[in-house]
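# A closer look at the structure
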Amino acid sequence: LGATITTYTASGRIVDGQTGQPMPNVASVLTRYYNEHSSASTGPDAASNSRGEFRFENLSPGKYGVSVQDRDKGEWRADEVPFEVVDQNVTGLVIRTEKAATISGVIVIEGPEDKSVREQLIKTRLGAAVSNEADARRGYGSSTIPAPDGSFRLTGLGAGMASLHVYSGSMFRIARVERNGVILPRNFEIKPSEQITGVRIFVNYGNAS
């Protein structure tokens, strides 16, 4: 039957980074890192209790990370907390949340508009990808479908270099991105908790073959 495998537990709590108060009813996700290029996530696990506490059981030795996300509104976020299981239980992990950065504005078609094309535009999913050199293992992102008037709001973002995109399979391509009339570079910086407004995303419609 093979040798018995000894497993361990990891526990900690989730707190509001500004007030230090516990955050109950927040689900956490456990990621196992096998090497630099291979990982696997489980969860979300059971929500934290009234004291903001969480607990993972039956962990074999290895490197892990625990993360949480505001899945309802995306108004807050938290960096993943890494830890390693060696030969004993891991305790005292603390996940501190912070106000999330957001990007809001409007997506518009460059050139003459066609009603049918406009209808396709507001069904196209728009996304933002954020990379952070401090945590090269993971990228952060957010996506949304624009409102009927083309307005959008991307939430739950962390600090780093951001890029905007429309999902593959769409007939649209981003021509340029402006903020308050100034063209933004392809990758632009988002500061912690920054609220970026006044963004206009100009797209072209691909109708040639």
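The structure this text deals with has already been given above.
Okay, so let's go over this structure. This is a predicted model, so every value here is computed, not measured.

### Here we look at the layout of surface pockets
Of the pockets and cavities examined, the second largest pocket occupies roughly 290 Å³. Around the second largest pocket, the lining comprises 13 residues; the ones closest to its centre are Leu 164, His 165, Ile 174, Val 177 and Arg 186. Listed by contribution, the elements that provide at least two residues to the lining of the second largest pocket are strand E13 (160-166) and strand E14 (172-179). Top element by residues in the lining of the second largest pocket is E14. It accounts for five residues.

### With respect to the nonpolar core
Of all hydrophobic cores here, the largest spans 23 residues; its most connected members are Ile 103, Leu 157, Leu 164, Ile 190, Val 199 and Ile 201. Those elements that place two or more of their residues in this core are strand E9 (101-109), helix H1 (115-121), strand E10 (126-131), strand E12 (151-157), E13, E14, strand E16 (188-190) and strand E17 (195-205). In this structure, Leu 164 is in contact with Ile 103, Gly 127, Ala 128, Leu 154, Ile 174, Val 177, Phe 188, Val 199 and Ile 201, ignoring residues within four places of it in sequence. Listed in part, the 20 residues of the second largest apolar core include Ala 10, Val 26, Phe 56 and Tyr 64.

### Topic: the pairing of E9
Two faces belong to every sheet, and in a regular strand the side chains alternate between them. In terms of burial, E9 is a largely internal element, nine of the nine residues being buried. Inspection of the sheet shows E9 paired to E12 by five bridges, in the antiparallel sense. Within the sheet, the bridge partner assigned to Ile 103 lies in E12 and is Leu 154. Sheet topology places E9 next to E17; seven bridges connect them, and they run parallel. In the strand pairing of E17, Val 108 is matched with Phe 202.

Calculation notes
Residues numbered from 1 in each chain as written. Predicted model: local features only at pLDDT ≥ 70, side-chain atom pairs only at ≥ 80, totals over all residues. Heavy atoms only, no water. 1 Å grid on protein atoms, 1.4 Å probe; cavity = no way out; pocket = protein on both sides within 12 Å on 5 of 7 lines; lining within 4 Å. Points joined across faces, edges and corners; volume = space filled by probe spheres on them. Helix = DSSP H or I, 4+ residues; strand = E, 2+ residues; numbered from the N terminus. Core = buried A, V, L, I, M, F, W, Y, C linked by side-chain atoms within 4.5 Å. Buried < 20%, exposed > 50% of the residue type's maximum accessible area, 1.4 Å probe, protein only. Contact = heavy atoms within 4.5 Å. Pairing = 2+ DSSP bridges.

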